[in-house]
Each structure stands twice: as C-alpha cells, then as structure tokens.
Amino acid sequence: MLLEVKNLGVYYYTLSGVVRGAENVSFSVREGEWITFVGESGSGKSTVAHAVINLVPSPGKIVTGEVLFQGKNLLAMKPEELRKIRGKDISMVFQDPMTSLDPLRKVGDQIVEAMRVHGVDDDEARQRAKEILEKVNLPADRLDYYPHQLSGGQRQRISIAIAMAFNPKLLIADEPTTALDVIVQDAIMDLIDEMKDEGTSIYFVTHDISLAAERSDRIAVMYAGELVEIGTTEQIIENPLHPYTRALVESVPDLWKESEVRAIPGYPPDLRNPPSGCRFHPRCPIFKEKAELKGRCDVRGPETLEVEPGHFVACHLYGGA
Amino acid sequence: MARGLGRYIVIRALMIIPMILILYTIVFFFLRVLPGNPILAVVGTKNIPPEQLAHLEHLAGLDKPLYVQYYDYLIKMIHGNLGVTLASPMGKPVSSYIALRLPATIELTIFAFTVSVLLGLATGVLGAVRKGTKTDTTMRVYSIVAYTLFIPWFGMMLQYLFGVKLHWLPTSGRIDPAINFHSITGLYVLDSIIQGNWTALHSVLSHLVLPSITLGIVLSGAYTRLVRNNMVDVLSQDFIRAYRARGVSDRRVLWYALKNAFIPVVTLMGLQFAILLGGAVLTETTFNWPGMGTFIMDRINYRDYNSIQGAVIVFALFVGLISLIVDIIYALLDPRVEY
Amino acid sequence: MRIIDFLIKPLRERKPGRGLLVFGVIVVLTVVAMAILAPFISPYNPTQIGEDIFAPPSLKHPMGTNNLGQDVFSRIIWGSRIILYVVAVATTLSIAIGVPLGLLSGYYGGKTDRTLSMIMDSIYSFPSLILAIVIAVVLGPSPINTAVAISFVYVPTYFRMVRGQTLSLKGQLFVEAARAIGTKSSEIMRKYILPNVLPTILVVFTLSVADAILTEAGLSFLGLSVTPPTPDWGYDLHVGQPFLLDGYWWLAFFPGIMIMLLAMGFAMIGEAINERLSLGTR
C-alpha cells in the first residue's frame, strides 16, 4: 500500500468556534491507481488532501490520526525529513493557477528551485526544466516569463511541470481544473493521465462527479467532514449506496438518463456544530420517508461497512440491526 | 526593458514639476497676498522713514507688482536661486543657509527612516506569523501607540531617561563642540568616516541615537500594521503552500513571503517620508538639531518670508525626489508593473 | 442612524478589537467631559500665578505646579478645551470643503477634476505639519487661525477619498439606472452617492482626527497656536521642556501624555470602526 490514512481528524480553530473540518477519515491509496475524492465545498475533501502532506492552512490543526506513506507516518516526521519527501515523492497541484505561483519570480527559477531543494545541481536543473516544459507542451522560452505573463492554463501546466520534476510516487491534485475553461481542463487532465502512465498514483480532488467518473479507478465521497462511501468507479456510478452519493450521481444528467437534473435540497451543515448521528440525516430523503429510521440515523453515527468487495459505505440503511 | 524603464523614470521625474509649482504658488499666495507687510514685520515698528521702507522693499523686490514677483522668483528658482534673506542678516542668499542645514535633516531622516522600516518589518512579521495570538494583539497595540506618540513628548522622555538620569547619551546638537571636526559634505557620519576621525564618528553617532529612535519609532507604527496585514494575506496564498509542498524550507518560504508583502510597503514609503519630514521639524526642535526644521522656526521668528518660501520649495523637491525613487524601486521589484 | 450603529454594535458585541473601541470611547468621553465641566472640576484658576513654584505632584496639586506656580492639573483640564475646539473646527472645515469638492470633482470629471486632483495630490504629498506651520505663521497665533491652518492640510484627505469613492460608485448599476430614468445630478449625488460614501468618511474622520490632534499639539508646541497664559497642552509641554532636564518632569510629562491619550483614543475608535467596515484591513 502506498498511502494509508487512519482515523484522520482536522479541526479549524476559528474565532467563531471550532470547525470540525474532517473526522474519522480512513482510506488507502494503492500504487499506480487514480483515486478521486468528491464532495461539495466544505465537505473536507481539500482539507484531507492537504493534511496528507501536513499542510493544513492556519488556523487548521490535525488533531487525530496518522498518514502512513510507504509505512512511515508523515505526521510524526521531523520537518527536515518531511521536507525531503515533499516535492520529490509526493507532489501537489493547487486549485487556482493564478495564485499558486510566486508572482515575483520567473517561472523558470521556480521550477529550478523545486529541483535544487532536492539536491539537483543548477545546470542539470536548468536542463531538466526545459525537458519537462516540453513534456507539458510549453515552449522552452516560457522559463523566462513571469507568472502574470502566462494564461491560467499555461500556469497550471507550469505547476504540473514542477510536480512532474521527480516522477513522484503520489500526485495530490486539489481541483486543478476548476478555475479553467473546459478545453484547457481536458488538456490538463491528459497531462495528469500521462503521469499516471509513468507510475504515479493520482490523488484527485473535485466537486464534479462526472469529472471523477471519467478517469479514476476509485472514487471516495465525502460529506460534512466525513468519508461516506468509497469504491471502484463502476461501483459508485452504477450502484451508489449512500443516499448522498445517489443524489450526487443523479444530479448529473448524462449518467442517469431517465431522471431530471436534481439539486440536493438543503444546505451542508455548520461544522462548528454538526448534526447528531449521521451528518446527512437532516437532508436525507430516505430518513424523511421512513419513520422507523428515527432514533437511529439522528442519534448514532453509522459504522463503515464493506457491502460488496472493495465497496464501503457509512449508512444505517446497510447496517442490519 | 531597460529603455522602457528609462522612459518611465523621465516621465515620473517630469511629474514632480507641477507639484513643486503648485506648492510654490500656494506658499507664495499665503506669504504675499495675505495682509501684512513683511518688511514692517521684520523691523517690528511702523515708525520708520518712508524712504528707508521703500529702500528695504526695493532690496527685497517687494515694490514690484505681485505677478512680476511671482514670475521673477520662479525664474530664479529654476536657476537654483532661492532669493535672499529678508532679515538678520539681510540680503544673504537663502540657498547658502539651506546648504548648511539640509544635510543635517537628510542625515537625521535617513537614520530615522531606517529605524522605522526595520522596526516596522520586525513587528509586522512577528504579528503575522503569530496571527491571532497575544503577540499579534501586542504588535497591533504597538502600532497604534507608536503612531500616536507625540514626538516632542516622547523625545523628552528619552532625553530625561537616557540623558538626565542615566547620562548615557547626549540630548542636543549633532556633535560634541569640543571635538576638532571639519565637515565637507555636511553629512557628519560620512565626513567623519572619510576623515578617519573616530572620536568624531562616535560623538556624531551618539548624538544621532535619540532623535532618530524617537522619529523612527513613531513612524514605524504605520509599517507594523501594513506589513502585518500584507504578510497575513501573502501567507494564506496558495503559492506559499505550493513552496512548502515542493520541499522548500520554512525560512526560505518566509523570505519569499516577505518579499511579496514588502511591495505595498514600498508604496507607503513615499507618503511616510513626507510625514517623516514633518516629524523631523518637531524632532529637530526637541533635540536642538540644526536642520531644516529648526531653520524654518528660526526664520519664522524673524518673519523672513523668503527663507520660509525657499525652505518649503526645498522640502517639496525632497519629497518629490523620494517619491520618484520609491516608484523606481517599486517598478524594479514588481515584475507586474508596466512601464 | 446607521452611522451610530457602527459605534454601538461593536461596543456591545464580544469580538476581538472591542477592547480598543471601549478604551477609545472612554478616553474621548473623559476628555470631552473635562472640557465641558472645566469650571466645576478645576481645583484652581489655571492662569493664577502662585508662590509655590515647581511643587511636585501632591494631594494639594495632583500634577504639581509649574515654573510660575500655576497648578498643572487645572491647566490640563482647561487645556482640553483649546485642543478639542481647534480640532473640532478644523475637522468640520476640512469636511465641509473636502467632501463636496470631492463629490463634484469625481462626479463631473473633466479638466476641472484633473486640475483639482493635481492640486490636492500636491498638498497631500507635502509634509502636512510644515504646510500648517507656514499658514499658521502668516495668520498669526490664535486658536481659530490654527484651526484654519489645520483644516487646509486635511482637505485633500477627504477630497481624495470622496472623489475615489464617487468615481467607483458612479459606474455602478444603481447609479446608472437612476441616471437613465432622468434623475437630476444633484439628487443622484445626494441620494445615491453621498449615503454610500458616509461610512468611509466616518473612518477617515476618526483616523484623521487623531492626526489633527497631533498636528494641533505640534503647532502649539512650536508656539504658533496660543499666546500665554492660555492653558494649552502643546504649549505647556514646550514651556516644560527646559525644566524637564533639571528634573522637574511633571511640567512636561502630563500635557504630553494627555495629547497622546486623546490621539490614541480616536485612533483606536477609528481602528475598530475600520475593522467593522473592513476597509482594507483584516
């Protein structure tokens, strides 16, 4: 197993209270696979992605759990050790290409620096910078450009180029295409696919389930800071178990032809004070229909069960008793 | 790129001209058009023979029509001539006085400026990296308190503590008069270093400590606040986390953040410099510092309007030059500036 | 009124920054009360020369006496009147001139706007204290003249802010809509633009009052504001300076600390309101 996340919990200590950004999150990433995390904004999917390399933005803090990368707990590592893994074995691409490059430095310098911090000497780094720029289909002269001289798509290519520099074991891509238009989106997805072909595991985060369905091997669904369902792409799309996952899948017209586009009624809960029991119950259509679920869904949090091989769900509907 | 920058500098430099003209006009208006005869004010009595008054007015050029006076002075100004003193002693070129006094103010403001920027950066960065903690609140209160310190009072308290009570530092003047020292440029620190006169350098620096710390601390408050807010902003941006995610060390990341946070601070510097010069007048008066501020106050006692006018123009030129330099630094630092 | 809400609400709410506001309001109200109640709370006549000179602070003279035997505490109390009066008049004048000029200039634009902006920018970029000194010298020492001198240098502060806001508001939909249905310009400025500029004016007001207090104190410290024996904080500080070096610290200490407290009070209120409206700071 490349990456194992066990019982991860992240809280944000804000002025208006403690926001429970993620709780009880456990999953694993296999070598060479593409796993996609789906959820609404505020579902904790980005929080978990950042927690994996211990980069939760302030005022967030990782309060529980461990992140085992090739068997070693990243959260218990000395900063210097962790620094050697970041950017080399695990790379990250951020959502907004407008803000993820330093506006004051030439992109070439930023690419070269990313290699130099891991011991590549200057000449070699410059040479390799040109090569990887070619890989992401940018002319070599772009090295001398400042970020503001490039388009959003070009900047995202630069970010991916930096992420590719060491052929990492894991790429964490936090909504890398959200801020881009559709045609550029596709090209960026292709680049990530190429990285996968070269052996990198892809940890992809998106709010768009159709994008998730396109290329991933597995899909994980998050709601209100918790992992509610995880399975192969086929399992999730063809046989969604959790009512929330169903709603997500149904909300995409092409995937579920006979039904109309449906938004999920209600709003995600306030994570300073999450609902008791299953966090989805106030919005759950089944809970509303079935009176016998009262006293269960709204009281006790559901266990995570393996309903079919490799398909896990956290929902009382599948809990038997 | 280099040619573009050259052009930019020339255009920016030309923009100083209207500013100086406007200030000249305002001051000329206030000093000449408002009621009151400057000569009578100087002499202090109305009982002087009319022919002597006429002679004095002629000497000062006050017998000509206003617009001629305005024009004459303007032409002189372009040639670097700021007119002659109207009093005590009369008829001396104003520029010769200013040449004596200006270096003292430049020296004081350079030191005070350095103190204010360094203090502002340190306190601002500290507040930002400890955002939301007691340290942050302390830095915030520091910023307000420093900003509202009244320069003469603060200066006096330092004089009392370090001069009267502890006898550590001198409280007035630029140098111990007992030291044999000959100034070339008027910048005493520079002169004493050039001449290798270490006794003088020691004295000059110890005289500089209290005035420049007084002025520097007061001016640092505005930087503290701006640096802190910019730094918090920058630190929350993706590129900072992207650097970390690439394995760049925390110290380097902080350095890059500081560079980004510094850019808006550069733009503040021009404006702060004007406030610094205003504060210098109070600092000079408090510490008996023979600079432009005390020069203006001396001349005010003699009602020497020509000298005051000359001093204001020099101040305007000073402010204009500083804002030009600030803009050039800004253009060099920030690749996003188009020129 | 909504403007008052900006003050009242944050005073009640337990949010960070409340401490600043509470401190500011208490200080300012205390000084205002001092000024109003001066005849009743002042233990001595502030200009009364006495034989008991350089008396250190005691029960009889809480802040000691000065070189003329005047009671420093009484001079502090009466001195609050001058500084508040000068700053109030100066600020009113600057607002009365700067706000309408900025509104008209920003709204109509054109050549006048450009010329006016250039003049205002020139004054703004020049050291305000030095300009105020020149004007105060020409006008002669009196509180009203000091107020005029100070008001002159703060006009650009209001002008620039109001002009900038007017420019951006002018392009907004609700203003364009009003124009499209033929609303008169004067009405647009009064009903649509001015109310939206008011909160910013409030912030600039509280922050520039702090500045104006320091400028007033500066002018009177330099001897350009009042003539003796009028009690005035800045002037008393000036008088106290030579004696401070002889060890009579109370002559200078108390007037100076009052100047700072008052300026700080306004700055803290400004800071709190600013945060409330989140104009540029977090």
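Residues numbered from 1 in each chain as written. Chains lettered and ligands numbered in written order. Predicted model: local features only at pLDDT ≥ 70, side-chain atom pairs only at ≥ 80, totals over all residues. Heavy atoms only, no water.

K.L.:
Tell me about the overall build of chain B, and please be specific about residues and values.
P.N.:
From N to C terminus, chain B includes 14 helices and 0 strands. Starting at the N terminus and ending at the C terminus, chain B contains elements arranged as α-α-α-α-α-α-α-α-α-α-α-α-α-α. Taking the principal axes of its C-alpha atoms as reference, chain B extends roughly 85 × 55 × 40 Å. Counting over 339 residues, chain B shows a buried share of 53%. Summarising the internal contacts of chain B: among those between residues at least 6 apart in sequence, 74% fall at separations of at least 24. Across chain B, 26 positive and 17 negative side-chain charges occur, with their mean positions spaced 10 Å apart. (Helix = DSSP H or I, 4+ residues; strand = E, 2+ residues; numbered from the N terminus. Buried < 20%, exposed > 50% of the residue type's maximum accessible area, 1.4 Å probe, protein only. Contact = heavy atoms within 4.5 Å. Lys, Arg positive; Asp, Glu negative; His and termini not counted. Charge placed at Lys NZ, Arg CZ, Asp CG, Glu CD.)

K.L.:
Quick rundown of the overall build of chain A? Include the residues and the values.
P.N.:
On a plain count of helices and strands, chain A comes out with 10 helices and 12 strands. For 321 residues, the compact-globule estimate of 2.2 N^0.38 gives 20 Å, and the C-alpha radius of gyration of chain A, at 21 Å, lies within 12% of that figure. With respect to the principal axes defined by its C-alpha atoms, chain A has extents near 70 × 45 × 40 Å. Out of the 321 residues in chain A, the part that is buried amounts to 53%. For chain A, long-range pairs separated by at least 24 residues make up 64% of all intrachain contacts whose partners lie at least 6 apart in sequence. Total accessible area on chain A is roughly 14,000 Å²; 48% of this is exposed by carbon and sulfur atoms. (Rg over C-alpha atoms; globule rule 2.2 N^0.38 Å. Areas by Shrake-Rupley, 256 points an atom, 1.4 Å probe, with all protein chains shown as cover.)

K.L.:
Give a detailed account of the side chain of C:Asp236, specifying residues and quantitative values.
P.N.:
Structurally, the position occupied by C:Asp236 is in helix H9 (residues 233–244). Apart from the residues lying within four places of it in its own chain, the contact partners of C:Asp236 are C:Arg75, C:Leu251 and C:Pro255.

K.L.:
Report on the interface of chain C and chain B, specifying residues and quantitative values.
P.N.:
Put simply, an interface is often sized by how much accessible area is lost when its parts join up. Listed as interface residues are 48 residues of chain C and, on the opposing side, 45 residues of chain B. Between chain C and chain B, the buried area comes to about 4,400 Å², and carbon and sulfur atoms account for 78% of it. Put simply, chain C and chain B have 2 salt bridges between them. Linking B:Arg140 and C:Glu271 is a salt bridge whose minimum nitrogen-to-oxygen distance equals 3.2 Å. Counting across the interface, chain C meets chain B through 5 residue pairs in polar contact (both at pLDDT 80 or more). At the level of secondary structure, the elements contributing two or more residues to the side of chain C that touches chain B comprise helix H4 (110–125), helix H5 (128–139), helix H8 (185–221), H9 and helix H10 (250–277) of chain C. Of all the elements, H10(C) adds the most residues to the side of chain C that touches chain B, at 13 residues. Of the residues in the side of chain C that touches chain B, the class split is 35 nonpolar, 9 polar and 4 charged. (Buried area = accessible area lost by both parts, 1.4 Å probe. Salt bridge = Lys/Arg side-chain N within 4 Å of Asp/Glu carboxyl O. Polar contact = N/O pair within 3.5 Å; in protein donor to acceptor, adjacent residues only side chain to side chain. Nonpolar A, V, L, I, M, F, W, Y, C, P; charged D, E, K, R; others polar.)

K.L.:
Can you lay out the pattern of salt bridges for me, pointing to particular residues and giving the numbers?
P.N.:
One pass over the structure, following the stated rule, counts 36 salt bridges over all chains. With a shortest N-O distance of 3.4 Å, A:Glu175 and A:Lys45 are connected by a salt bridge. Of this pair, A:Glu175 sits in the loop between strand E7 (170–174) and helix H6 (182–197) while A:Lys45 sits in helix H1 (residues 45–52), and the two are 130 residues apart along the sequence. For A:Glu175, a relative accessible area of 7% puts it in the buried group. In this structure, B:Asp238 and B:Arg241 form a salt bridge, with 3.0 Å as the shortest nitrogen-oxygen distance. Separated by 3 residues within a single helix, B:Asp238 and B:Arg241 lie in helix H11 (residues 238–245), roughly one turn from each other. B:Asp238 sits in the buried class, given a relative accessible area of 14%. Using a relative accessible area of 12% as the deciding quantity, one classes B:Arg241 as buried. Within this structure, A:Asp186, A:Asp190, A:Asp193, A:Glu214 and A:Arg215 form a network of salt bridges that share partners.

K.L.:
How would you explain unusual backbone geometry if you had to name every residue and give the values?
P.N.:
Cis geometry marks the peptide bond from C:Pro228 to C:Pro229; its omega dihedral reads 5°. For C:Pro229, the location among the structural elements is in the loop between H8 and H9. Here A:Asn7, not a glycine, exhibits a phi torsion of approximately 50°, which is positive. Relative to the assigned elements, A:Asn7 resides in strand E1 (residues 3–14). One non-glycine residue, A:Asn167, adopts positive backbone phi at about 50°. Mapped onto the secondary structure, A:Asn167 falls in the loop between helix H5 (152–164) and E7.

K.L.:
Go over the nonpolar core with me, naming the residues and quoting the values.
P.N.:
Nonpolar side chains in soluble globular proteins generally cluster together in the buried interior. Membership of the largest hydrophobic core comes to 166 residues, with the highest contact counts inside it found for B:Phe150, C:Ile133, C:Ile213, C:Leu224 and C:Trp233. Sort the elements by how many residues they give to this core and H10(C) lands first, with 17 residues. Looking at this core, you find at least three residues from each of domain 1 (1–88 + 302–339) and domain 2 (103–301) of chain B. Ignoring sequence-local partners within four residues, the contact set of B:Phe150 consists of B:Leu282, C:Leu214, C:Ala217, C:Gly218, C:Phe221, C:Leu237, C:Ile259 and C:Met260. Counting 38 residues, the second largest nonpolar core, distinct from the first, contains A:Leu8, A:Leu55, A:Tyr203 and A:Val205. (Core = buried A, V, L, I, M, F, W, Y, C linked by side-chain atoms within 4.5 Å. Domains from an automatic or database assignment.)

K.L.:
Provide a residue-level description of the pairing of strand E12 (residues 311–314) of chain A, including the pertinent values.
P.N.:
All names here are of chain A. Here strand E10 (residues 226–232) runs beside E12; their pairing, made up of 2 bridges, is antiparallel. Bridge assignment links Ile230 to a residue of E12, and that residue is Phe312. In this structure, strand E11 (residues 304–308) lies alongside E12, joined through 4 bridges in antiparallel fashion. Paired with Thr304 across the strands is Ala314, a residue of E12. (Pairing = 2+ DSSP bridges.)

K.L.:
Please provide a residue-by-residue account of helix H6 (residues 94–129) of chain B, values included.
P.N.:
For H6(B), spanning 36 residues, the distance from its first C-alpha to its last is 51 Å, which sits close to the expected 52 Å at 1.5 Å a residue. Of all the bends in H6(B), the largest measures some 30° and sits at B:Leu100, one to four residues before the proline B:Pro103. (Expected span 1.5 Å × (residues − 1). Bend = angle between axes of the 7 residues up to and from the residue.)

K.L.:
I'd like a description of the sheet that holds strand E2 (residues 17–29) of chain A, backed by residues and values.
P.N.:
Residues and elements named next belong to chain A. The antiparallel open sheet is built from 4 strands, whose spatial order is E2-E1-E4-E5. Because the sheet does not close on itself, it has two edges, and the strands there are E2 and strand E5 (72–73). Sheet topology note: the E1/E2 ladder contains 9 bridges and is antiparallel. The residue bridging Val10 from the neighbouring strand is Ala22, located in E2. With respect to the sheet, H1 is in contact with E1, E2 and strand E4 (60–69), its orientation differing from that of E1 by roughly 115°. (Axes fitted to C-alpha atoms, helices over the stretch in contact; angles between N-to-C directions.)

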